[in-house]
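Below, each chain spelled out in residue letters.
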Amino acid sequence: METNQNLQNMTKATEQNPVNANLDIDLTADLTADQTPDNQLPYWLQSAESSEQKKYFNQDIGNGRGVYISTYGCQMNVNDTERMHSLLEMANFTPVQTPEEASLIIINACSVREKPVHKVYSEVGRFRRMKDKNPNLKIGVGGCVGQQEKDNLIKNQPLIDFVFGTDNIDSLPNLVSQVYENQTKVVNAKFEHRAPYHVETLVRNPGVSTFVNITKGCDNFCTFCIVPYTRGREKSRPISHILMDIRTLIQRGVKEITLLGQNVNSYKSEDGADFADLLKKVAMETDIERIRYTTSHPKDFNEKLMHVMADHQDKICEYVHLPFQSGNSRILERMNRGYTREQYIDKIKQMKKIIPNLVLSTDIIVGFPGETHDEFMETVSMVQEVGYETIFAFMYSPRPFTKAAKFEDQVDDKTKNERLNYLFDVHDKLAFEIVQRYQDQTLNVLVESVNEQGKAFGRSTQNKSVYFVGSKELIGKTVPVRITSSTPNVLRGELVLNIN
Ligand code: SAH
Ligand code: SF4
Ligand code: F3S
């Protein structure tokens with residue numbers, strides 16, 4: 001049933017969105033074909049093994065082969081930057097803290113809102129003097145902007161040497177070696193539609209808490225969103241790979257993982273396991289102490305998942321990020337979100353009933369094309385009715401390729417701005433009241449860092465940032481902290497000493 005429902009949603013969404021030939025998106029591609037044999041070396045290892053390339057990986061290109069990556073966007077991009085650093089380290093590049101120290105600069109850019117391409121050009125422009133000083137300095141653009149703009153970037157800004165897409169990260173060492181070897185500009189932004197999604201997590205210093213990708217891409221085609229065009233079709237990693245990854249991370253000291261995907265709820269392993277099955281397996285078959293996940297889609301968040309969360313609350317945090325985008329059903333339909341206001345509220349009621357002490361956050365768009373004042377007020381009332389502890393709200397921004405960008409009834413910037421400010425004002429007051437419930441409570445805090453002054457930072461299972469006085473030995477431990485001051489973004493407290 002669930003599978004059929006997802007397939008129906010997918011077909012519906014894709015039919016409404018004609019394929020743009022420029023985007024290399026083949027919506028009919030058979031994603032299950034062409035499995036890579038498990039014993040085949042990953043592409044980046046193969047490329048690093050080739051002796052021609054080794055030459056370039058050992059070449060003096062000035063500045064001690066320093067690589068600087070500037071990252072914008074969501075956690076996917078942050079994770080991708082980690083992957084780029086790991087791969088480039090294998091090609092003898094060393095991470096540096098400033099662009100001035102680098103001989104290779106990469107901008108891993110996001111295009112979800114505002115003027116991303118403009119931002120990239122202005123950042124690259126600032127590197128002109130560095131390029132004059134070191135002619136071997138190469139500049140690349142990746143991430144969702146690289147995928148979206150491809151060779152346009154090179155055409156419009158001669159300082160850019162190479163561009164790569166979101167599906168081409170593993171070929172980065174190879175790409176960089178081509179740029180140095182041939183002294184030519186290179187663009188590699190083709191989606192690997194047929195390749196399965198088999199990637200191990202590459203993170204240099206995972207610390208106490210880290211992210212593990214479980215899906216990539218998105219097939220939902222919300223009419224405002226560029227992600228399906230910049231990240232390609234949705235694919236899931238096999239469940240066995242994810243479990244293996246998590247076990248390795250645990251050996252490296254990780255205590256908490258966040259499973260990551262644009263819509264984790266539509267995860268489907270090759271063997272048919274769904275997201276609830278995956279979550280249950282991670283809870284039961286690994287020693288990870290805490291599990292989080294993001295992002296959920298209201299249309300796919302099902303009762304089975306609610307029960308898995310409730311049954312494994314010792315490990316699975318009671319925090320859910322469930323974007324509703326608009327509180328008005330007409331706007332939701334125009335957004336192609338696949339649920340109405342009433343269905344969303346019913347789901348929240350059910351979640352609150354099944355998952356004890358559930359804490360919620362959400363994403364909201366104000367000023368979507370055609371949104372009237374009354375429809376906006378339904379968004380405001382939704383925030384009040386559900387009682388989110390945190391909201392991430394944005395002014396609608398027309399994105400290339402998306403359906404909503406072509407809607408004729410765009411809302412003017414002044415109105416969008418006023419609506420956003422009003423919404424934040426309402427929520428600020430509400431959030432302040434909501435967090436008072438933490439006052440004098442003792443929360444279990446997983447300590448992530450402690451600074452030289454003994455200020456400890458960690459997060460509670462409710463995803464609250466908690467500060468208290470503590471020592472470095474606490475890093476990686478879960479400790480009880482009694483809350484003495486509560487504001488919407490930060491809780492402060494004191495360590496509860498266990499006297500046995
Ligand atoms: N996959 C996630 C969201 C990814 S983008 C999900 O479905 O929730 C993160 C957020 O950016 C979205 O939830 C939405 O609120 C916002 N967003 C996306 N496109 C936008 C646009 N064109 N204008 C304004 N906000 C946008
Ligand atoms: Fe996909 Fe989320 Fe964008 Fe919708 S908002 S298209 S679910 S990434
Ligand atoms: Fe931005 Fe791409 Fe993430 S557009 S929000 S970096 S998926």
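Just so we're clear, the structure is a prediction, and the values are computed from it rather than from any experiment. (Residues numbered from 1 in each chain as written. Chains lettered and ligands numbered in written order. Predicted model: local features only at pLDDT ≥ 70, side-chain atom pairs only at ≥ 80, totals over all residues.)

## Structural notes on the overall build of the protein chain
Turning to step 1, where the next piece is worked out: When helices and strands are counted, the protein chain shows 17 helices and 19 strands.
Turning to step 2, where the next piece is worked out: Sorting the 500 residues of the protein chain into buried and exposed places 42% on the buried side.
Turning to step 3, where the next piece is worked out: When contacts within the protein chain are restricted to residue pairs at least 6 apart in sequence, long-range pairs at least 24 apart make up 75% of them. (Helix = DSSP H or I, 4+ residues; strand = E, 2+ residues; numbered from the N terminus. Buried ≥ 20, exposed ≤ 12 C-beta atoms within 10 Å, placed from the backbone. Contact = placed C-beta atoms within 7 Å.)

## Overview of the pairing of strand 4 (residues 138-142)
Turning to step 1, where the next piece is worked out: Taking burial as the measure, the five residues of strand 4 include five buried ones, the bulk of the element.
Turning to step 2, where the next piece is worked out: Pairing of strand 3 (residues 104-109) with strand 4 involves five bridges; the strand directions are parallel. By the bridge assignment, I107 is partnered in strand 4 with V141.
Turning to step 3, where the next piece is worked out: Relative to strand 5 (residues 162-164), strand 4 runs parallel, the two being bridged by two bridges. Paired with G140 across the two strands is F162, which belongs to strand 5. (Pairing = 2+ DSSP bridges.)

## Observations regarding the site of ligand 2
Turning to step 1, where the next piece is worked out: Every residue near ligand 2 is listed here: C218, N220, F221, C222, C225, V227, P228, Q262, N263 and H297.
Turning to step 2, where the next piece is worked out: Broken down by class, the residue content of the shell around ligand 2 amounts to six nonpolar, four polar and no charged. (Near = placed C-beta within 6 Å. Nonpolar A, V, L, I, M, F, W, Y, C, P; charged D, E, K, R; others polar.)

## A word on the sheet that holds strand 17 (residues 465-469)
Turning to step 1, where the next piece is worked out: Ordered by their spatial adjacency, five strands build a closed barrel running 15-16-17-19-18, and the pairing between neighbours is mixed. For this sheet, the mean angle separating the axes of adjacent strands, direction not counted, is 50 degrees.
Turning to step 2, where the next piece is worked out: With five bridges joining them, strand 15 (residues 442-450) and strand 18 (residues 478-486) adopt antiparallel strand pairing. When the bridges of strand 18 are listed, L443 appears paired with V481. (Axes fitted to C-alpha atoms, helices over the stretch in contact; angles between N-to-C directions.)

## Here's the deal with the pairing of strand 7 (residues 209-213)
Turning to step 1, where the next piece is worked out: Among the five residues in strand 7, four count as buried, and that is most of the element.
Turning to step 2, where the next piece is worked out: One ladder, built from five bridges, connects strand 7 with strand 10 (residues 256-260); its direction is parallel. Bridged to N213 within strand 10 is L260.

## Some points on the environment of G338
Turning to step 1, where the next piece is worked out: Within the secondary structure layout, G338 lies in the loop between helix 14 (329-334) and helix 15 (341-354).
Turning to step 2, where the next piece is worked out: A tally of 19 C-beta atoms within 10 Å means that G338 is categorised as partly exposed.
Turning to step 3, where the next piece is worked out: Placed 39 residues apart in sequence, G338 and K299 show a C-alpha to C-alpha distance of 6.0 Å.

## What to know about the site of ligand 1
Turning to step 1, where the next piece is worked out: Among the 17 residues in the neighbourhood of ligand 1, the closest are listed as Q262, P323, D363, F394 and S397.
Turning to step 2, where the next piece is worked out: Residues of the shell around ligand 1, tallied by class, amount to eight nonpolar, six polar and three charged.
Turning to step 3, where the next piece is worked out: Counting the residues that make up the shell around ligand 1, at least three belong to each of domain 1 (1-34 + 194-317) and domain 3 (352-438). (Domains from an automatic or database assignment.)

## Considerations on the confidence of the model for the protein chain
Turning to step 1, where the next piece is worked out: Per-residue confidence for the protein chain gives a mean pLDDT of 88; residues scoring 70 or more make up 87%.
Turning to step 2, where the next piece is worked out: Below a pLDDT of 50 lies the segment residues 1-49, which in the model reaches 59 contacts outside its immediate sequence neighbourhood of four places, other chains included. (pLDDT = per-residue confidence, 0-100.)

## Section: the packing of helix 12 (residues 275-285) against helix 13 (residues 303-311)
Turning to step 1, where the next piece is worked out: Where helix 12 meets helix 13, the closest approach of the two axes is 9 Å, and the angle between their N-to-C directions is 10 degrees. Considering their axes alone, helix 12 and helix 13 lie roughly parallel with respect to each other. Like other packed secondary-structure pairs, helix 12 and helix 13 cross with a definite hand, here left-handed. Contacts between helix 12 and helix 13 involve F275, A276, L279 and K280 from the former and K304, L305 and V308 from the latter.
Turning to step 2, where the next piece is worked out: Split by residue class, the contact of helix 12 with helix 13 holds five nonpolar, no polar and two charged. (Parallel < 35°, antiparallel > 145°, perpendicular 65-115°, else oblique. Left-handed = near helix turned anticlockwise from the far one by under 90°.)

## Focus: the sheet that holds strand 12 (residues 319-321)
Turning to step 1, where the next piece is worked out: Across the sheet, three strands lie side by side as 12-13-14; this open sheet has parallel pairing. Among the strands making up the open sheet, the edge pair consists of strand 12 and strand 14 (390-395). On average, adjacent strands in this sheet sit at an angle of 10 degrees to one another, irrespective of strand direction.
Turning to step 2, where the next piece is worked out: Note that strand 13 (residues 359-366) and strand 14 share six bridges and pair parallel. When the sheet's bridge partners are listed, T362 is paired in strand 14 with I391.

## Some words on helix 12
Turning to step 1, where the next piece is worked out: By the burial criterion, the buried members of helix 12 are F275, A276, L278, L279 and V282. Along the long axis of helix 12, the arc covered by the buried residues comes to 165 degrees, so they all point the same way. Facing away from the buried side of helix 12 by more than 90 degrees, the exposed set consists of M284 and E285.
Turning to step 2, where the next piece is worked out: In this fold, the buried residues of helix 12 make contact with helix 11 (239-251), strand 11 (290-294) and helix 13. (Arc of directions from axis to C-beta.)

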